[in-house]
Structures are given as C-alpha cells and as structure tokens.
Amino acid sequence: MGGVFNGWTEQAFEVLLRLEGDPPPQLRESLRRDREVHVRQPMIALLNDVADAVPALDDFSVWGFRKEIWWWQHQGAVIRIARQVEIGLRFDLDGLHLKAGWHYPDPGQVPRYRAAVAALTSGTDLAELVARLAADGYEITGDLMRRVPRGTPADHPRAELLRHRSLLAARPLVTDTAALTPSAVDRVTAAARELAPFLSWLAHHVAATPRRPI
C-alpha cells in the first residue's frame, strides 16, 4: 500500500487499545493482521504522500513488528536527512509525535559537532535555531554530558549546547482526533520545512553530507 493517506481509522485506535498493558503473545498474534492494515500501512501511505509533496523527504522507513511489546503499541518511522540526522515519527493512542535531529552518532561526529558549536559563526547560528524552535513549542532533548567537554570554560556562551552528544527537537504533531483525517500530511510537511534550517545545520556540520533543501 502506498498513498493516498486518508488518516488512521477508529479501528487503529481499537487495535492499539487491545494492545495496552502486557498482552500475551497469543493476543498479539491474533491482532497482527489488523495492526498491519489499520496502524502500519497508513504510516506508509502518509510518508509516501509526504515524499510526493516534498521530494527531499523520500528516503524513509516504517518499522515492522519486533519482539518487544512497545513496538506493537507505538508505530515508528524515520525520514533520513543525512547520516544519523533524521525526522522520526511515532503514532500511538495519543496521535502522531515528531522527534527530529541528530542521534546515535557515528565515530567522528561528536568532535565535529563540538567544533562547530564552539566556533563563533556556526555556533551562534545553531543557538539561534534551537532558541527559535524552543519558542515555537519544541522540546530540545538529547544525550547530555554532566559537564562541558574537558578544556572548555564552564561559562562558555554555548555551554549547554556543548554538553550534547545528540541533539533533538520534539513535539506532539497531531492529536488523536486529527489523526483520523488526511491533515497529518500537511502537518508533517509543515514541520519538516520549519525544521529544515536546524536539520541542514546538522547535516552540514555534523554529518558532513549536505542534502537537497527541504
């Protein structure tokens, strides 16, 4: 199934409700087909429609089933922007959530990130991008060190950013009610464009592989 995305149905929420808690393997298996049809396939349709609207977002994956129950209760997907720079999506009983940025760094990425943050021009640019996203309602998260890197003054103007070993911006994107409609496509594409300068900074300075503009 590709596009067109018509929203998640009430059946999607019914399936996820039955998967709440710690359902036995037999129940999970009995719901496998319904979950595939009503939960996972709409995510594939959504991302196909997003890619049609914004071709730079065409490199995506939609997770299948895993042993851990969490993956049955939450449908995940990623849109790859550059190496370890992604837009992550998660659909569950609360609706659609987005988390975008840089995580699970490859060797060499953390030093490149720190050098770019420490540099006046690129570091100031990132600080402004992060502040703008926070003001727009994004939660700025990531893996943080307890202290700034060794050799960095504790009062460095971008000390908080220098503590990061990953950097993400997250927010709820679509409520459970809105997830029943095709409007999620517009929400995802709007968020991607809003996040584009932040993701482009990470792609250029951390992944060292600039991508097509969003």
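If you're wondering where the values come from, they're calculated on a predicted model, not measured in any experiment. (Residues numbered from 1 in each chain as written. Predicted model: local features only at pLDDT ≥ 70, side-chain atom pairs only at ≥ 80, totals over all residues. Heavy atoms only, no water.)

(A) Region of interest: the overall build of the protein chain. What the protein chain contains, in helices and strands, is 7 helices and 6 strands. The order of helices and strands in the protein chain, counted from the N terminus, is α-α-β-α-β-β-β-α-α-β-α-β-α. A compact globule built from 214 residues should have a C-alpha radius of gyration of about 17 Å, and the protein chain, at 19 Å, falls within 12% of that. Structurally, the protein chain occupies a C-alpha span of about 55 × 35 × 30 Å along its principal axes. (Helix = DSSP H or I, 4+ residues; strand = E, 2+ residues; numbered from the N terminus. Rg over C-alpha atoms; globule rule 2.2 N^0.38 Å.)

(B) Main features of the sheet that holds strand 4 (residues 95–102). In space, the 6 strands of this open sheet follow the order 1-2-3-4-6-5, with antiparallel pairing throughout. Two strands bound the open sheet, and with one partner strand each, they are strand 1 (60–62) and strand 5 (139–141). Averaged over all pairs of adjacent strands, the angle between strand axes in this sheet comes to 20°, irrespective of strand direction. Direction of pairing for strand 3 (residues 85–92) relative to strand 4: antiparallel, over a ladder of 8 bridges. Each residue of the ladder has a partner; that of Ile87, found in strand 4, is Ala100. (Pairing = 2+ DSSP bridges. Axes fitted to C-alpha atoms, helices over the stretch in contact; angles between N-to-C directions.)

(C) Layout of a negative patch on the surface. Residues Glu10, Glu14, Asp94 and Asp176 make up a contiguous surface patch of negative charge. Locating Glu10 in the fold gives a position in helix 1 (residues 10–18). On the basis of relative accessibility, which here comes to 48%, the residue Glu10 falls in the partly exposed class. (Patch = residues over 30% accessible without salt bridge, like charges linked within 9 Å, V, L, I, M, F, W, Y side chains within 5 Å. Areas by Shrake-Rupley, 256 points an atom, 1.4 Å probe, with all protein chains shown as cover. Salt bridge = Lys/Arg side-chain N within 4 Å of Asp/Glu carboxyl O. Lys, Arg positive; Asp, Glu negative; His and termini not counted. Charge placed at Lys NZ, Arg CZ, Asp CG, Glu CD. Buried < 20%, exposed > 50% of the residue type's maximum accessible area, 1.4 Å probe, protein only.)

(D) Examining the nonpolar core more closely. Residues Leu46, Phe91, Leu96 and Phe198 are the most contacted members of the largest nonpolar core, which totals 63 residues. Here this core takes 13 residues from helix 7 (residues 183–207), the largest share from any one element. Setting aside chain neighbours within four positions, we find Phe198 in contact with Ala100, Gly101, Leu126, Leu129, Val130, Leu133, Leu167 and Ala169. (Core = buried A, V, L, I, M, F, W, Y, C linked by side-chain atoms within 4.5 Å. Contact = heavy atoms within 4.5 Å.)

All we've got here are geometric facts, nothing functional implied.
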